[in-house]
Every structure is written in C-alpha cells, then in structure tokens.
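Chain by chain, the residues:
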Amino acid sequence: MTREAGVATGLLYTHFTDFDAFLTGYAVDRAFQLAGAVAGLPSRAGSGGVAGNLGDALLTTPLATLAAFTRLSALRPDLAPGVEAVLGTGGLQAVERTVADYLAAEQHLGRIPAAASPEALALVVVGVLHHVALTAAPGPASDTLIRSAMATLTAGFPAVAPS
C-alpha cells in the first residue's frame, strides 16, 4: 500500500503504532467514504423517483472502495471492534441504515406500500450494491445492472404520493 501511495514503508510507522492500527485506520476511512456517499439520500424523499434516487445513491458509492472494505473486513474480522470504536457501525451497515431511513420516509409519503418493510428493502438494495462491487468491473455495465435492479425492486411503487 505504501508503494501505491508513493511513500516509504517506514513512514507508515510514523503515524500508526503497528500494521493492525494502519489497517483499522484504512477500514475506518473506507467505511466513512461509503457512509458519506449515501448520506444525502433521505433528504431526497418525495422528489424524483424512488428507483432513480436509489440508483443515484448507489452509483455515488465508490465500488472499488466498497470492494476493498469488504475484502479487508472478510480477511480481518478482528479489525471490526477498532472500526466500531471510531464510527459505531460503519460501512455497509451505515449504508443499509441510511437506505432504510430513506425508504421509511418514502413510505411515510405514500410512495412505498405500507406493507413493505423498509429494512428488508434496504437489505436487498445493499445486497445488490455489494454483489456488483465484488463481481463486476465499475463502468457502464455495472451502472446499468444497478439501475435495472432498483427499477425491478420498486416496480409497482407509486411514482407520486397518492392524494
């Protein structure tokens, strides 16, 4: 990683006590980026279309960052307490919570059926994002896949709140 950053490996230990502290810092940074990418989604409730809003939010999530965070989390689950100590829940959990908040706001406006579970829908939305990040190269094909999945997920939802 230091080679990619163009710095000497020794510089790493100037800022971090050990390699685990560096990896925790890296995971915190990536989790923060993921949460920040979708942070404004709940404020979009009632504007645009639900599928479009979800697609836009997911496409602002840097897929390479998500892939790096997911792989690091899978390979080093022992880093999770350090990340949680800084952020509480972060990464995909924060994205899922934000999506669920957005969907609950849309449901309150009548643009999502009352019987739908915002939390279950958010899990599916994040699952799509996670799958695309880990299996597809970023680009037009992944964008199309994400938008298609969001359109299918919300098919039949009212475009505007019922009067």
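Higher on the page you've got the structure.
Bear in mind that the values here come from a model prediction, so they are computed numbers and not experimental data. (Residues numbered from 1 in each chain as written. Predicted model: local features only at pLDDT ≥ 70, side-chain atom pairs only at ≥ 80, totals over all residues. Heavy atoms only, no water.)

Q: Can you help me understand the packing of helix 3 (residues 19–38) against helix 6 (residues 80–87) in this one?
A: When two helices pack together, their arrangement is given by the angle between the helix axes and by the axis-to-axis distance. Axis separation between helix 3 and helix 6 bottoms out at 9 Å; the angle between their running directions is 50°. Here helix 6 runs oblique to helix 3, going by the angle between their axes. When you trace helix 3 past helix 6, the crossing you get is right-handed. Where helix 3 approaches helix 6, its residues T24, A27, V28, A31 and F32 are matched on the opposing element by G82, V83, V86 and L87. The residue inventory of the contact of helix 3 with helix 6, partitioned by class, reads seven nonpolar, two polar and no charged. (Axes fitted to C-alpha atoms, helices over the stretch in contact; angles between N-to-C directions. Helix = DSSP H or I, 4+ residues; strand = E, 2+ residues; numbered from the N terminus. Parallel < 35°, antiparallel > 145°, perpendicular 65-115°, else oblique. Left-handed = near helix turned anticlockwise from the far one by under 90°. Contact = heavy atoms within 4.5 Å. Nonpolar A, V, L, I, M, F, W, Y, C, P; charged D, E, K, R; others polar.)

Q: Would you mind showing me how to read the side chain of T98 here?
A: If you trace the backbone, T98 turns up in helix 7 (residues 92–108). Other than its neighbours up to four places away in sequence, T98 contacts V38, A39, L41 and P42.

Q: Before we go on, may I ask you to explain the environment of R111 in this structure?
A: Here R111 shows up in the loop between helix 7 and helix 8 (118–135). A sequence separation of 49 residues divides R111 from V160, and the C-alpha atoms of the two residues are 6.0 Å apart. Within polar-contact distance, the side chain of R111 engages the backbone oxygen of S47 at 3.3 Å. Among the polar contacts made by the side chain of R111, one reaches the main-chain carbonyl oxygen of G48 at a distance of 2.8 Å. (Polar contact = N/O pair within 3.5 Å; in protein donor to acceptor, adjacent residues only side chain to side chain.)

Q: When you look at the side chain of T61 in this model, what are you seeing that I'm missing?
A: If you trace the backbone, T61 turns up in the loop between helix 4 (50–60) and helix 5 (63–75). A distance of 3.3 Å separates a polar side-chain atom of T61 from the backbone oxygen of A57. When sequence neighbours within four positions are dropped, the list of residues in contact with T61 reads L34, A37, V38 and L129.

Q: Teacher, can you tell me more about the pattern of salt bridges here?
A: Where charged atoms from two side chains of opposite charge approach closely, those side chains can pair. According to the stated counting rule, one finds six salt bridges in the structure shown. Two residues, R76 and D78, come together in a salt bridge whose shortest N-O distance is 3.0 Å. The class for R76 is partly exposed, based on a relative accessible area of 22%. Here R111 makes a salt bridge to E106, at a shortest N to O gap of 2.6 Å. One salt-bridge network, in which partners are shared between bridges, spans D20, R76 and D78. (Salt bridge = Lys/Arg side-chain N within 4 Å of Asp/Glu carboxyl O. Buried < 20%, exposed > 50% of the residue type's maximum accessible area, 1.4 Å probe, protein only.)

Q: I tried to follow the environment of D78 on my own but got confused; where do I start?
A: In this structure, D78 sits in the loop between helix 5 and helix 6. On the accessibility criterion, D78 (49% relative accessible area) is partly exposed. Between the alpha carbons of D78 and T24 there is a distance of 9.4 Å; along the sequence they are 54 residues apart. A polar contact is formed between the side chain of D78 and the side chain of R76, at a distance of 3.0 Å.

Q: Teacher, can you tell me more about the packing of helix 8 against helix 9 (residues 140–153) here?
A: Here helix 8 crosses helix 9 at 165°, and the two axes come no closer than 10 Å. Relative to helix 9, the element helix 8 is oriented roughly antiparallel. Where helix 8 crosses over helix 9, the two elements pack in a sense that is right-handed. Listed contacts from helix 9 to L121, V124, V125, V128, L129 and V132 of helix 8 are S142, L145, I146, A149, M150 and L153. Counted by class, the contact of helix 8 with helix 9 contains 11 nonpolar, one polar and no charged residues.

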